[in-house]
Amino acid sequence: MKQHDELYILMNRALDGELTEEERKEFEQTLEHNPEAKKEYEELKKTFHLLEKDAAALDEADFAGRIIENLDPSLYNPQPKKSFLEALGLSNIGGFFKYGFGFALGLAVGFFVLNAFQPGVQNGIPAQKVYGTMAEISATEALADIDSYEFTARDGSISITTKLADTVSIAEISFATNAQNTVTIGFDQSAISLAGLKSVTAPPAGFAASDEGEIMITAGGRETYLLYLKLQRGAASPLSVTVSVADSVISRRTLQVKPD
Amino acid sequence: MIDQEDNKLVRQTLDGNTAAFTTLVEKYQTPIYHLELKLSGDSDDAKDLTQDVFIKAYEKLNTFDFKYKFFSWLYRIGMNEGINFKNRAKRKTELDQRLPAEEGSPVEELERKELSNMMQLCLDKLKDEYQTLIIMKHYEGFSYEEIGEILELSEKTVKSRLYMARQQLKKIILDEGGV
């Protein structure tokens, strides 16, 4: 059996063009003395030939225009930058000077205000990485611990701890995958209107948000994420959140919602 | 290896430059289309799936990790979309995989179509993992290294699984009378 396996590997390497001249000669001699192996090799060679012929008949794709037409160009549109004075609501610079403030002082104040109160940046999450209603999903103060889960699955492990507030909940998800993979967080849209996901273990981390029932990220190894769930008003318990790796669901757990 | 040019285009897209994403679509539409074509067995479905893959990639682009290769990330999205579709869709009894309008006699045209249908039937009998390996190696022409990058597997593992896939495909083709 082992001998056959080794011979089969050689057949594959021969058809992949990986054999050295010496290996090829030795392989051909082996086939000469082994009609069964020779037959198998010929069949494999024919399989390669059929694949090659079929692949050669494939046409090139030429419909990029149709794809581009269906993209939402506003998704990553940069916000127009406001000048310091506009940001401060002082677009009438003449009036500003009339009251006796120096230009240097204005700049200093503007710089301080912009750094201290950057619009849209809350809880350290940069607004430019977010689409959707950032203000809603970042309102996570005064949360209360309500439940936690820990379990393992064949392809990795996940632990979920939830903290629920009035309309926003935050869950910590840790998981380990054997390799870099696509991880999808699915949620029930009838109960959760918006969800956001931020990595806490792999900076620099972007912030992904979706109101379409799933968030998809690329992750690998052991990672921890904060999952923000904006609950629909009056959402009934239980909530269902599914975490899946590639196309196979590795776990499914229900988060119980308790009133504050 | 990370493709710096692709990463630059991704960054430009995230900065609001949709034309940068157009370049990525033009660059990778064919491998994604071939993948979807061989997974779905139908050119119209494959076009829709290819479109879905790029739209999904565009919408999730802000989750892309620049440590990794954009094409590998995109191809994995394509694999997930195609396999999910395949497992969802009821296989059509009449396969209608369109072939390029090349010069050739109607007989040659017919032979190509026959071969294509037969190969599609055989590929569909492989399990998903083996089917995608055969597509990547024999239809896309990826190297073992490239396949390893996409699947996050060592070259050795890729080879051993592909050898198994070829063995099974050979047997299926024999059973279908193709060899």
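Residues numbered from 1 in each chain as written. Chains lettered and ligands numbered in written order. Predicted model: local features only at pLDDT ≥ 70, side-chain atom pairs only at ≥ 80, totals over all residues. Heavy atoms only, no water.

Quick word on the overall build of chain B
Turning to step 1, where the next piece is worked out: Regarding its fold elements, chain B presents 8 helices and 0 strands.
Turning to step 2, where the next piece is worked out: Taken from the N to the C terminus, the helices and strands of chain B come in the order α-α-α-α-α-α-α-α.
Turning to step 3, where the next piece is worked out: Looking at chain B as a whole, 56% of its 179 residues are labelled buried.
Turning to step 4, where the next piece is worked out: Within chain B, contacts between residues separated by at least 24 positions form 65% of all contacts whose residues are at least 6 apart in sequence.
Turning to step 5, where the next piece is worked out: Of the roughly 7900 Å² of accessible surface on chain B, a fraction of 50% belongs to carbon and sulfur atoms. (Helix = DSSP H or I, 4+ residues; strand = E, 2+ residues; numbered from the N terminus. Buried < 20%, exposed > 50% of the residue type's maximum accessible area, 1.4 Å probe, protein only. Contact = heavy atoms within 4.5 Å. Areas by Shrake-Rupley, 256 points an atom, 1.4 Å probe, with all protein chains shown as cover.)

Looking at the overall build of chain A
Turning to step 1, where the next piece is worked out: Scanning chain A from terminus to terminus reveals 8 helices and 8 strands.
Turning to step 2, where the next piece is worked out: Within chain A, the proportion of its 260 residues that are buried is 39%.
Turning to step 3, where the next piece is worked out: For chain A, contacts bridging at least 24 residues in sequence account for 58% of all contacts bridging at least 6.
Turning to step 4, where the next piece is worked out: In the structure as shown, chain A presents an accessible area of about 15000 Å², 52% of it carried by carbon and sulfur atoms.

So, the environment of glycine 141 of chain B
Residue and element names in this part refer to chain B.
Turning to step 1, where the next piece is worked out: On the secondary structure map, glycine 141 appears in the loop between helix H6 (128–139) and helix H7 (144–151).
Turning to step 2, where the next piece is worked out: A sequence separation of 110 residues divides glycine 141 from proline 31, and the C-alpha atoms of the two residues are 9.5 Å apart.
Turning to step 3, where the next piece is worked out: In contact with glycine 141, not counting residues within four places along its chain, are Met136 and Glu146.

Digging into the packing of helix H2 (residues 18–40) of chain B against helix H4 (residues 70–88) of chain B
All names here are of chain B.
Turning to step 1, where the next piece is worked out: Following both chains from N to C, one finds H2 and H4 inclined at 30°, their axes separated by 10 Å at the closest point. In terms of orientation, H2 lies roughly parallel with respect to H4. For the element pair H2 and H4, the recorded crossing hand is right-handed. In this structure, H2 uses Leu24, Tyr28, Pro31, Ile32, Leu35, Glu36, Leu39 and Ser40 to contact H4, whose residues at the interface are Phe70, Phe71, Leu74, Tyr75, Gly78, Met79, Glu81, Gly82, Ile83, Phe85 and Lys86.
Turning to step 2, where the next piece is worked out: Here the residues of the contact of H2 with H4 sort into 13 nonpolar, 3 polar and 3 charged. (Axes fitted to C-alpha atoms, helices over the stretch in contact; angles between N-to-C directions. Parallel < 35°, antiparallel > 145°, perpendicular 65-115°, else oblique. Left-handed = near helix turned anticlockwise from the far one by under 90°. Nonpolar A, V, L, I, M, F, W, Y, C, P; charged D, E, K, R; others polar.)

Topic: the confidence of the model for chain A
Residue and element names in this part refer to chain A.
Turning to step 1, where the next piece is worked out: A residue-level look at chain A finds 35% of positions with pLDDT of 70 or above and a mean pLDDT of 62.
Turning to step 2, where the next piece is worked out: Mean pLDDT values over the elements of chain A span from 22, in helix H8 (residues 134–137), up to 96, in helix H3 (residues 35–56).
Turning to step 3, where the next piece is worked out: The low-confidence segment residues 81–85, where pLDDT is below 50, has 6 contacts with residues more than four positions distant or belonging to other chains.
Turning to step 4, where the next piece is worked out: In this model, residues 105–167 is a region of pLDDT below 50 whose contacts with residues beyond four sequence positions or in other chains number 121 contacts. (pLDDT = per-residue confidence, 0-100.)

A word on helix H3 (residues 43–59) of chain B
All names here are of chain B.
Turning to step 1, where the next piece is worked out: Between the first and last C-alpha of H3 there are 24 Å, a value that for 17 residues agrees with the 24 Å anticipated at 1.5 Å per step.
Turning to step 2, where the next piece is worked out: Looking only at H3, the buried set comprises Ser43, Asp45, Ala46, Leu49, Thr50, Gln51, Val53, Phe54, Ile55, Lys56, Ala57 and Tyr58.
Turning to step 3, where the next piece is worked out: Where H3 starts, the residue carrying a side-chain oxygen 3.0 Å from the main-chain nitrogen of aspartate 44 turns out to be aspartate 42. (Expected span 1.5 Å × (residues − 1). Polar contact = N/O pair within 3.5 Å; in protein donor to acceptor, adjacent residues only side chain to side chain.)

Comments concerning the confidence of the model for chain B
Turning to step 1, where the next piece is worked out: Of all residues in chain B, 88% have pLDDT values of 70 or greater, and the mean over the chain is 88.
Turning to step 2, where the next piece is worked out: Confidence estimates for the predicted assembly give a pTM of 0.58 and an ipTM of 0.89.

Some thoughts on the packing of H7 of chain B against helix H8 (residues 155–175) of chain B
Residues and elements named next belong to chain B.
Turning to step 1, where the next piece is worked out: Packing of H7 against H8 leaves a shortest axis separation of 9 Å and a crossing angle of 100°. Between H7 and H8, the crossing angle belongs to the class labelled roughly perpendicular. Touching Tyr144, Glu145, Ile147 and Gly148 of H7 are Glu155, Val158, Lys159, Leu162, Tyr163 and Arg166, all from H8.
Turning to step 2, where the next piece is worked out: Here the residues of the contact of H7 with H8 sort into 5 nonpolar, 1 polar and 4 charged.

A closer look at the interface of chain B and chain A
Turning to step 1, where the next piece is worked out: Taken together, the contact between chain B and chain A spans 59 residues of the former and 54 residues of the latter.
Turning to step 2, where the next piece is worked out: Across the interface of chain B and chain A, roughly 5300 Å² is buried in total on both sides, 59% from carbon and sulfur atoms.
Turning to step 3, where the next piece is worked out: By the criterion of area lost to chain A, the three top residues of chain B are Tyr58, Asn62 and Tyr163 of chain B, representing 12% of everything that side buries.
Turning to step 4, where the next piece is worked out: Summed over the shared surface of chain B and chain A, the number is 5 salt bridges.
Turning to step 5, where the next piece is worked out: Lysine 170 of chain B serves as the salt-bridge partner of glutamate 43 of chain A, at 3.2 Å between the closest nitrogen and oxygen.
Turning to step 6, where the next piece is worked out: Linking chain B with chain A are 22 residue pairs in polar contact (both at pLDDT 80 or more), by the criterion used here.
Turning to step 7, where the next piece is worked out: Sort the elements by how many residues they give to the side of chain B that touches chain A and H2 of chain B lands first, with 11 residues. (Buried area = accessible area lost by both parts, 1.4 Å probe. Salt bridge = Lys/Arg side-chain N within 4 Å of Asp/Glu carboxyl O.)

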